[in-house]
Protein chains: 2
Amino acid sequence: MRIRFFNARVLTMEPGKDIFVGEVWVVEDRIKFAGTEEEALKYCDTHKEEILIWDREIDCKGNLLMPGFKDAHTHSAMTLMRSAADDLPLQDWLNNAIFPIEAKMTGEDIYHLSKIAVLEYLTSGITSIFEMYLTPFTVAQAMADTGMRCVQTSCVNNFSQSVELLEQYYNEINGKDPYNSFILGVHAEYTCSKELLEKCAELTHKYKAPFWAHIQETDKETKECIERYGMTPIEFFDSLGLFDYGGGGYHLVWTNDKDREIMKKRGVYAVTNPGSNTKLASGIAPIKEYLEKGITVAIGTDGPASNNCLDMFREMFLVTGLAKLRNNDASSVDAKEVLKMATVNGARAMGLNDCDYLSEGKKADIIMLDLSRPNMQPINNIEKNIVYSGSKENVLMTMIEGIIRYENGKFNIGVEPSDLYSKAEEIKKRIYG
Amino acid sequence: MRIRFFNARVLTMEPGKDIFVGEVWVVEDRIKFAGTEEEALKYCDTHKEEILIWDREIDCKGNLLMPGFKDAHTHSAMTLMRSAADDLPLQDWLNNAIFPIEAKMTGEDIYHLSKIAVLEYLTSGITSIFEMYLTPFTVAQAMADTGMRCVQTSCVNNFSQSVELLEQYYNEINGKDPYNSFILGVHAEYTCSKELLEKCAELTHKYKAPFWAHIQETDKETKECIERYGMTPIEFFDSLGLFDYGGGGYHLVWTNDKDREIMKKRGVYAVTNPGSNTKLASGIAPIKEYLEKGITVAIGTDGPASNNCLDMFREMFLVTGLAKLRNNDASSVDAKEVLKMATVNGARAMGLNDCDYLSEGKKADIIMLDLSRPNMQPINNIEKNIVYSGSKENVLMTMIEGIIRYENGKFNIGVEPSDLYSKAEEIKKRIYG
């Protein structure tokens, strides 16, 4: 497809580039052109041999085009437990409301339930997800079938999956289709033996690849690791050589100066999950400290059983809001920095270097935000508007790989939402009884 | 108008009453009937003499009808400063980004700017607001003209308005039209002299009326009052007899046991504003402590310069989420309690006793929430869904006083949104230059 967007405000997210009024041209999976009307005319002038025929021309009516959001940590199929595991102490939540349900989920269940999450990502302008769940192959299938860009890592631990499977996922999912990729990782320190982690370190060295895990989400987890090994999880992972080729951690709420020193040195990304950390009372991550240290921060929703929604707008507000509360300073963590976390930094963390900016040659993973809704009016500062007052109601369009998957409230993912909901209802009945 | 809603899930918010599938009938400004289909048939059977002719019959397709949200603290016209005053330390924010702008606003500006806020309330299912701003008469006009239910209080202080004006507002706004009412109040302790507050106490006694103010929003404000009078603002107000007929406070972040004892004794409501308290780094209110004490808590968005959006879904998530963080307990402040705060308690705080439940004889202030959006699926627990994953995208309809003011994304408030936006643009140019 060749799609021309015109009469748009364009936020490319390139450093130092302001929002401009102009056009964006998409040809197949890539952005062919993004510039002012004047630049568009000039392009036509200097490329007279090129015949531009459009399958579709979209009048953006002054609304905003920008790179899609990157949800840098999620467990999609946990849609099943949405609102079935709330207001519980953390251990109850995990041991009684989550693990016993997960034990009953099949790969096919996960395939369908992940697609419900895809619907929700699209409504929030999310064009890529960093996923971790039980059955990577069926997840990859769900993503290829719906057209959602998905970077997976494994949740290998002492009780499920294995290092052999991890290597198999890595080799078989990477390069299979344009939507899916795979990064090495484990569930968390507290669920993995030292031996298992040592084997993972061999893998990261074999493939010269980064390494990811849930890290230091809770105070308890961090303290228990110190009891076990005399080191925090970050220190422990580093001592095993797991970060020799970089990587990152999800949550990272309870880090100290030494941890952050290691993260900086090894190029370890911090993915923050403020909605989940709030609802599960895990704490407030030290975002200001990460920024001051020069650690790259990205944002994830976490899964819908812990959050309970897959909404980048809520997460963005929480990243800056909670930092302000933590630091007792209303100027802490500027909204523009947060917008970068939700887009550019997420792309980098996930290894999606072609999905960071809305600019020529990049992947066409683009969203259109409605600026004519009252929450955006009057227009004083669009970037701050997005972070502080933006909501799903503003998402007019979500395009991934040059294909419009969501537009004016309607989905285009190869299956009817109502069919997915019926499927989920069946699964619920079987599992919850 | 006579409107019949059928095929609806109905959440009445009456204590102990579960969600049921059925019908809701609205005749003029009131709810005539709310019950199951069986009960509806029975009604027809026992009221054979009554001829039910409908102006409109709405198939709710299984979506949810419930009482509208009550936004129990806001400053509507501050839409002007939305996203023009962010990421600033609190004193900078107030002294450089807010006060100088407010000094330039006219009553007519406030009239138009308040209407932009009305648009946004409607998108969030808010059917009543508890408003405080500079020109109560023009605000009341904006509310009557758009059909938004509005309870105002005054922001009288040493520098603007007066006790005489306060009494005039009280007498002239109350009873004027079905949309507007007025409650006695002042801006805050730190902006009012003791003499002014004593005069207010005379008024509350004269009218046997409750009293409201911003109270103990920041630690600084609370400590300064203790320095001035040897008492917290709550104690000080109580010592002047201001709470002799009840009342309430907005924010109430920094209260101690003694304050809460007074609040309980005097029937003082606590209106919490978590979005604003987060963004302005004011702190986390002790919601669990209020509930344990039996103090009634309602929820407000605060104005769009401090929040920056008028979104009850964000506020509801924050009320429970921040309580969980504050108490380090994921079971703290159950979502169902929060839903009550956002509806029933708000109505009580605002003196809108006819707007608390969706039941026979009550005012027809009703919203319809879309349960077929992916953020609500699968349906495990609708009340928790609303609080934890609900968003403006779910608001299908907002009805106030029996009139549908918002439906499927379109507004019915007697003026085109685009005209209001143009007006705001003019005001912006004049004031910001």
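Take the environment of D86(B) next. Within the fold, D86(B) resides in the loop between β6 (69-74) and α2 (90-102). Spatially, the C-alpha atoms of D86(B) and T191(B) are 23 Å apart, while their sequence positions differ by 105 residues. Sequence-distant contacts of D86(B), defined by excluding residues within four places in its chain, comprise A335(A), K384(A) and Y388(A).

In this section: the interface of chain B and chain A. Taken together, the contact pairs 53 residues of chain B with 53 residues of chain A. The residue makeup of the side of chain B that touches chain A, split by class, is 22 nonpolar, 15 polar and 16 charged.

Moving on, we get to helix α4 (residues 136-146) of chain B. Residue and element names in this part refer to chain B. When α4 is considered as a whole, its buried residues turn out to be P136, V139, A140, A142, M143 and T146. Along the axis of α4, the buried positions cluster into a sector of 160°, meaning they face one direction only. The inward-facing, buried residues of α4 contact α3 (107-123), β7 (126-132), β8 (149-153), α5 (163-173) and β9 (180-188). Just downstream of α4 lies G147, where phi reads positive at about 80°.

Residues and elements named next belong to chain A. Taken together, 8 strands build an open sheet; the order of strands is β6-β7-β8-β9-β10-β11-β12-β13 and the sheet is parallel. In this open sheet, the two edge strands, each paired with only one partner strand, are β6 (69-74) and β13 (297-299). If you compare each strand with its neighbour and ignore which way they point, the axes differ by 25° on average. In this sheet, β13 lies alongside strand β12 (residues 268-272) in parallel orientation, the contact comprising 3 bridges.

With an axial shift of 0.0 Å and an RMSD of 0.0 Å, the rotation relating chain B to chain A amounts to 180°. Taken together, the turn and the small shift mark the pair as related by a two-fold rotation axis. Residue E393(B) of chain B places its C-alpha closer to the rotation axis than any other residue of that unit, at 2.5 Å. Taken as a fraction of all interface residues of chain B, those also at the interface in chain A reach 100%, which identifies the copy contact as same-surface.

Right, let's get into the sheet that holds strand β11 (residues 247-251) of chain B. All names here are of chain B. Judged by pairing direction, the sheet is parallel, and its 8 strands sit side by side in the order β6-β7-β8-β9-β10-β11-β12-β13 without closing on themselves. Two strands close off the open sheet at either side, each with one partner strand: β6 and β13 (297-299). The sheet shows a mean angle of 25° between the axes of neighbouring strands, direction not considered. As paired strands, β11 and strand β12 (residues 268-272) are joined by 4 bridges and run parallel to one another. Looking across to β12, one finds that Y250 is bridged to V271. α4 rests against β7, β8 and β9 of the sheet, and its axis sits at about 170° to β8. Packing of helix α6 (residues 194-207) onto the sheet brings it into contact with β9 and β10 (211-215), and relative to β9 it is tilted by some 155°.

With that out of the way, let us pick up the packing of helix α12 (residues 312-327) of chain A against helix α13 (residues 335-349) of chain A. Residue and element names in this part refer to chain A. With their axes 10 Å apart at the nearest point, α12 and α13 run at an angle of 135° to one another. One finds that α12 runs oblique with respect to α13. The two elements α12 and α13 meet at a crossing, and its hand is right-handed. Between α12 and α13, the residues in contact are M312, M316, V319 and T320 and A335, V338, L339, M341 and A342, respectively.

Residues and elements named next belong to chain A. For chain A, the assigned domains are domain 1 (2-67 + 362-411) and domain 2 (69-349). Its C-alpha centre places domain 1 at a distance of 29 Å from the equivalent point of domain 2. Ranked by residues supplied to the side of domain 1 that touches domain 2, first place goes to helix α14 (residues 382-389) with 5 residues. Counted by class, the side of domain 1 that touches domain 2 contains 11 nonpolar, 3 polar and 7 charged residues.

One finds V24(A), L65(A), M316(A), V319(A), V24(B), L65(B) and V319(B) to be the most contacted residues of the largest nonpolar core, which totals 276 residues. Once residues within four sequence positions are removed from consideration, V319(B) is found in contact with T272(B), P274(B), I287(B), I299(B), V333(B), V338(B) and M341(B).

In this model, chain A carries a mean pLDDT of 96, and residues with pLDDT of at least 70 account for 100%. For this predicted complex, the interface confidence score (ipTM) comes to 0.97, while the overall pTM stands at 0.98.

Bringing the packing of α5(B) against α6(B) into the picture now. All names here are of chain B. Relative orientation of the contacting elements α5 and α6 amounts to 25°, with a least axis distance of 10 Å. On the basis of the axis angle, α5 is roughly parallel to α6. Both α5 and α6 take part in a crossing whose hand is right-handed. In this structure, α5 uses V163, L166, E167 and Y170 to contact α6, whose residues at the interface are L196, K199, C200, L203 and Y207. Taken together, the residues that form the contact of α5 with α6 break down as 7 nonpolar, no polar and 2 charged.

Attention shifts here to the pairing of strand β14 (residues 366-369) of chain B. Residue and element names in this part refer to chain B. Where burial is concerned, the two faces of β14 agree: the one with I366 and M368 and the one with I367 and L369 are both buried. One ladder, built from 4 bridges, connects β14 with strand β15 (residues 395-400); its direction is antiparallel. Note that in β15 the partner of I367 across the bridge is T398.

This paragraph deals with the pairing of strand β9 (residues 180-188) of chain A. Side chains on a regular strand alternate between the two faces of the sheet. Residue and element names in this part refer to chain A. For β9, the tally of buried residues reaches 9 of 9 residues, placing the bulk of the element in the interior. Pairing geometry for strand β8 (residues 149-154) and β9, over 4 bridges, is parallel. Bridging from a neighbouring strand, C150 pairs with N180 of β9. Sheet topology places β9 next to strand β10 (residues 211-215); 3 bridges connect them, and they run parallel. Note that in β10 the partner of A188 across the bridge is H214. For the crossover that starts at β9, traverses helix α6 (residues 194-207) and ends in the parallel β10, the hand is right-handed.

Turning next to the environment of G68(B). Residue and element names in this part refer to chain B. Along the chain, G68 turns up in the loop between β5 (64-67) and β6. Since 30 C-beta atoms lie within 10 Å of it, G68 is described here as buried. Distance from G68 to D302, taken between C-alpha atoms, is 18 Å for residues 234 residues apart in sequence. For G68, the residues in contact, after removing those within four places along its chain, are G125, I126, T127, S128, D365, I366, I367, T398 and I400.

About the criteria used
- Residues numbered from 1 in each chain as written.
- Chains lettered and ligands numbered in written order.
- Predicted model: local features only at pLDDT ≥ 70, side-chain atom pairs only at ≥ 80, totals over all residues.
- Helix = DSSP H or I, 4+ residues; strand = E, 2+ residues; numbered from the N terminus.
- Contact = placed C-beta atoms within 7 Å.
- Nonpolar A, V, L, I, M, F, W, Y, C, P; charged D, E, K, R; others polar.
- Buried ≥ 20, exposed ≤ 12 C-beta atoms within 10 Å, placed from the backbone.
- Arc of directions from axis to C-beta.
- Pairing = 2+ DSSP bridges.
- Axes fitted to C-alpha atoms, helices over the stretch in contact; angles between N-to-C directions.
- Least-squares fit on C-alpha atoms with pLDDT ≥ 70 in both.
- Parallel < 35°, antiparallel > 145°, perpendicular 65-115°, else oblique.
- Left-handed = near helix turned anticlockwise from the far one by under 90°.
- Domains from an automatic or database assignment.
- Core = buried A, V, L, I, M, F, W, Y, C linked by C-beta atoms within 7 Å.
- pLDDT = per-residue confidence, 0-100.
- Right-handed = clockwise from strand over helix to strand, strands pointing away.

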